[in-house]
Amino acid sequence: MSSKRCTVIGGSGFLGRHLVERLVDRGYTVNVFDIRQAYELPGVTFHQGDLCDKQALLVALKDVSIVFHCASPAPGSDDRALFQRVNIDGTQTVIQACHEAGVQKLILTSSASVVFEGTDIKNGREDLPYAKKPIDYYTETKIQQEKLVLEACSKEKGFLTVAIRPHGIFGPRDPQLVPILVDTARRGKMKFIIGDGSNLVDFTYVENVVHGHILAAEHLKADSPLCGQAYHITNDEPVRFWDFMSQILVGLGYSAPRYHLPYTLVYGIALLLWLIALVLRPLIRIKPTFTPMRVALAGTHHYYSCTRAKKDMGYQPPVPLQEAIVRTVESYPHLQKGA
Ligand SMILES: NC(=O)C1=CN([C@@H]2O[C@H](COP(=O)(O)OP(=O)(O)OC[C@H]3O[C@@H](n4cnc5c(N)ncnc54)[C@H](OP(=O)(O)O)[C@@H]3O)[C@@H](O)[C@H]2O)C=CC1
Ligand SMILES: CC(C)=CCC[C@@H](C)[C@H]1CC[C@H]2C3=C(CC[C@]12C)[C@@]1(C)CCC(=O)C[C@@H]1CC3
């Protein structure tokens, strides 16, 4: 079996598609397994299906040595059952299918948020404990998912696993960060800075995240330190959350936020709105812009050390932050003010 045959589960998504494109450039033969087919690419075979369906997965894993698992429901969803079914039960199914198909390596896209509880993290390393009170269902199930994948690593069985923990992925075609930001600005709600605006955060350019995944796949061997480990992959250039947001906004022709609001006040309001939405859910579905999770992300420090990835797999982010911001802004001409 060729070591360059792989399947990308979630390969139609934002990160997955960038990963597929890079793998093809590097001479890999790529299968995509996804619930939807979003594009066509020469040399890539698409398999449409739900990752909870083992029989469908087995077809996409035939004769493959590496599996990248980067499928997940969108973090903004509040559907607990969906997160449980896809991130936990589905990941168990992925592991079983890998065993049955004779796959040798599984690279999971986890998230640095598995250790985030809504309070400051400065230069956090991978040995921080998992969040005891995960901030939402997404994080809760990403923790369980990561544990399942790392515990499945077995040199004896010839099945090696590793988890990549990116943070704040952004770049061309991202359906979350820039579109949410622009939508908020267009509704006139991007006027306020939560807290004093000095909180540092990692935002990671999508190509750097892809680079981390491919390095992990290529360095994952029975005698390497990567087996069963998690790795932070970031741009390694923490930036003030509000400076980053302002640069994107100004680049697209919108005004940067100027007025400060106290963090505890905004967090309290977000919590109240979340509770009201929960109580009213049987009658009406409300999706507030200011969720407690978003306020915590916008108002605390959360940046992570990638020393372990540098040491074990020679990781260095290929695209620096400023260059990444320019490329991202240029990729959204349709979101420019007045477009
Ligand atoms: N974006 C970010 O900032 C970060 C992302 N991550 C992780 O990176 C990974 C990729 O994220 P991202 O690219 O942003 O997400 P996307 O939503 O863009 O991509 C995920 C893909 O998986 C598909 N999918 C969802 N459920 C299933 C299923 N049951 N079976 C098969 N395919 C399915 C989605 O389809 P559909 O769109 O139809 O649901 C989508 O095509 C995720 O695991 C996420 O947790 C980690 C840290 C930060
Ligand atoms: C670093 C990291 C994990 C980023 C993830 C991306 C999203 C969570 C952000 C993308 C746009 C952001 C945003 C807000 C919070 C965080 C995001 C959703 C606000 C809701 C924060 C409060 C505001 O004043 C409006 C912001 C709109 C954009």
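Residues numbered from 1 in each chain as written. Chains lettered and ligands numbered in written order. Predicted model: local features only at pLDDT ≥ 70, side-chain atom pairs only at ≥ 80, totals over all residues. Heavy atoms only, no water.

The name that an unreviewed UniProt entry assigns to the protein is Sterol-4-alpha-carboxylate 3-dehydrogenase, decarboxylating, with the source organism given as Labeo rohita. Taken verbatim from the UniProt record of the protein, the Sequence similarities (unreviewed entry) comment is "Belongs to the 3-beta-HSD family." (UniProt positions renumbered as here; feature names shortened; annotations may be inferred.)

Caption draft 1: How the structure looks around the overall build of the protein. Counting its secondary structure elements, the protein contains 11 helices and 15 strands. For 339 residues, the compact-globule estimate of 2.2 N^0.38 gives 20 Å, and the protein sits close to it at 20 Å. By residue count, 50% of the 339 residues in the protein fall in the buried class. Contacts spanning at least 24 positions in sequence make up 78% of the contacts within the protein whose residues lie at least 6 apart. By element, 55% of the accessible surface of the protein is carried by carbon and sulfur atoms, the whole surface being about 15300 Å². When the 37 positive and 33 negative side-chain charges of the protein are each reduced to one mean point, those points stand 3 Å apart. (Helix = DSSP H or I, 4+ residues; strand = E, 2+ residues; numbered from the N terminus. Rg over C-alpha atoms; globule rule 2.2 N^0.38 Å. Buried < 20%, exposed > 50% of the residue type's maximum accessible area, 1.4 Å probe, protein only. Contact = heavy atoms within 4.5 Å. Areas by Shrake-Rupley, 256 points an atom, 1.4 Å probe, with all protein chains shown as cover. Lys, Arg positive; Asp, Glu negative; His and termini not counted. Charge placed at Lys NZ, Arg CZ, Asp CG, Glu CD.)

Caption draft 2: Main features of a nonpolar patch on the surface. A contiguous nonpolar surface patch, about 750 Å² in accessible area, is contributed by Leu265, Ile269, Leu272, Leu273, Ile276, Leu283, Ile284 and Ile286. By the secondary structure assignment, Ile276 is in helix H8 (residues 263–280). (Patch = residues over 30% accessible without salt bridge, like charges linked within 9 Å, V, L, I, M, F, W, Y side chains within 5 Å. Salt bridge = Lys/Arg side-chain N within 4 Å of Asp/Glu carboxyl O.)

Caption draft 3: Seen up close, the sheet that holds strand E7 (residues 160–166). With parallel pairing, the 7 strands of this open sheet are ordered in space as E3-E2-E1-E4-E5-E7-E12. Looking at which strands have only one partner, the edges of the open sheet turn out to be strand E3 (44–48) and strand E12 (229–233). On average, each strand axis in the sheet is inclined to that of its neighbour by 20°, with strand direction left out of account. One ladder, built from 5 bridges, connects E7 with E12; its direction is parallel. (Pairing = 2+ DSSP bridges. Axes fitted to C-alpha atoms, helices over the stretch in contact; angles between N-to-C directions.)

Caption draft 4: Representation of the pairing of E7. Among the 7 residues of E7, 7 are classified as buried, and the element is accordingly described as predominantly covered. Going residue by residue along E7, you find Leu160, Val162, Ile164 and Pro166 tucked away on one face and Thr161, Ala163 and Arg165 tucked away on the opposite face as well. As paired strands, strand E5 (residues 105–109) and E7 are joined by 5 bridges and run parallel to one another. Note on E7: the bridge partner recorded for Leu108 is Ala163.

Caption draft 5: Quick peek at the UniProt feature "domain: 3-beta hydroxysteroid dehydrogenase/isomerase" (unreviewed entry) in the protein. Per the UniProt record, the feature "domain: 3-beta hydroxysteroid dehydrogenase/isomerase" (unreviewed entry) sits at residues 8–261. Taken end to end, residues 8–261 comprises 36% helix and 20% strand; its first and last C-alpha atoms sit 42 Å apart.

Caption draft 6: Representation of the site of ligand 1 in the model. In the vicinity of ligand 1, 23 residues are found, and the nearest of them are Phe14, Leu15, Asp34, Tyr138 and Lys142. In this structure, Asp34 approaches ligand 1 through a side-chain N or O atom, which is 2.9 Å from an oxygen atom. Against a free-state accessible area of 880 Å², the protein chains account for coverage of 84% of ligand 1. The residue makeup of the shell around ligand 1, split by class, is 10 nonpolar, 9 polar and 4 charged. (Near = heavy atom within 4 Å. Polar contact = N/O pair within 3.5 Å; in protein donor to acceptor, adjacent residues only side chain to side chain. Nonpolar A, V, L, I, M, F, W, Y, C, P; charged D, E, K, R; others polar.)

Caption draft 7: Main features of the site of ligand 2. Lining the immediate surroundings of ligand 2 are 20 residues, of which Met190, Val201, Phe203, Phe290 and Leu297 lie closest. In the complex, 91% of the free accessible area of ligand 2, which totals 600 Å², lies under the protein chains. Looking at the shell around ligand 2, the elements with two or more residues in it are helix H5 (177–186), strand E9 (192–194), helix H7 (241–251) and helix H9 (292–299). Grouping the constituent residues of the shell around ligand 2 by class yields 13 nonpolar, 5 polar and 2 charged.

Caption draft 8: Local environment of the side chain of Ser113. In this fold, Ser113 is placed in the loop between E5 and strand E6 (121–124). On the basis of relative accessibility, which here comes to 5%, the residue Ser113 falls in the buried class. There is a polar contact of 2.7 Å between the side chain of Ser113 and the side chain of Ser111. Excluding anything up to four places from it in sequence, Ser113 contacts Tyr138 and Thr139.

Caption draft 9: Region of the structure containing H7. Buried residues of H7: Phe241, Trp242, Phe244, Met245, Ser246, Ile248 and Leu249, and no others. Two residues or fewer past H7, Gly253 is found with a positive phi of approximately 95°.

Caption draft 10: Focus on H8. With 18 residues, H8 extends 26 Å between its outermost C-alpha atoms, agreeing within 8% with the 26 Å of an ideal straight helix rising 1.5 Å per residue. Among all positions in H8, only Val266, Ala270 and Ala277 are buried. Viewed end-on, H8 has its buried residues packed into an arc of 35°, placing them on one side of the element. Exposed side chains of H8 directed beyond 90 degrees from the buried face belong to Thr264, Leu272 and Val279. (Expected span 1.5 Å × (residues − 1). Arc of directions from axis to C-beta.)

Caption draft 11: Representation of the packing of aromatic side chains in the model. Per the stated rule, a full pass over the model turns up 9 aromatic pairs. Between Phe170 and Phe244 the ring centres are 5.0 Å apart and the planes differ by 80°, which places this aromatic pair in the edge-to-face class. On the criterion of sequence distance, the pair formed by Phe170 in strand E8 (residues 169–170) and Phe244 in helix H7 is long-range, its members being 74 residues apart. Summarising the aromatic geometry, the rings of Phe203 and Phe241 are spaced 5.8 Å apart at their centres and angled 45° between planes, so their arrangement reads as tilted. Within this pair, whereas Phe203 is found in the loop between strand E10 (200–201) and strand E11 (204–205), its partner Phe241 is found in helix H7, the two being separated by 38 residues in sequence. (Phe/Tyr/Trp six-rings, centres within 6.5 Å; stacked < 30°, edge-to-face > 60°.)

Caption draft 12: The arrangement of the pattern of salt bridges in detail. A full pass over the atoms with the stated rule returns 15 salt bridges. Glu218 serves as the salt-bridge partner of Arg26, at 2.9 Å between the closest nitrogen and oxygen. Here the residue Arg26 occupies a position in the loop between helix H1 (14–25) and strand E2 (29–34), and Glu218 occupies one in helix H6 (residues 206–219), the gap between them amounting to 192 residues. Given a relative accessible area of 34%, Arg26 falls into the partly exposed group. Given the relative accessible area of 27%, Glu218 is considered partly exposed. Overlapping salt bridges bring together Arg17, Glu21 and Arg173 as one network.

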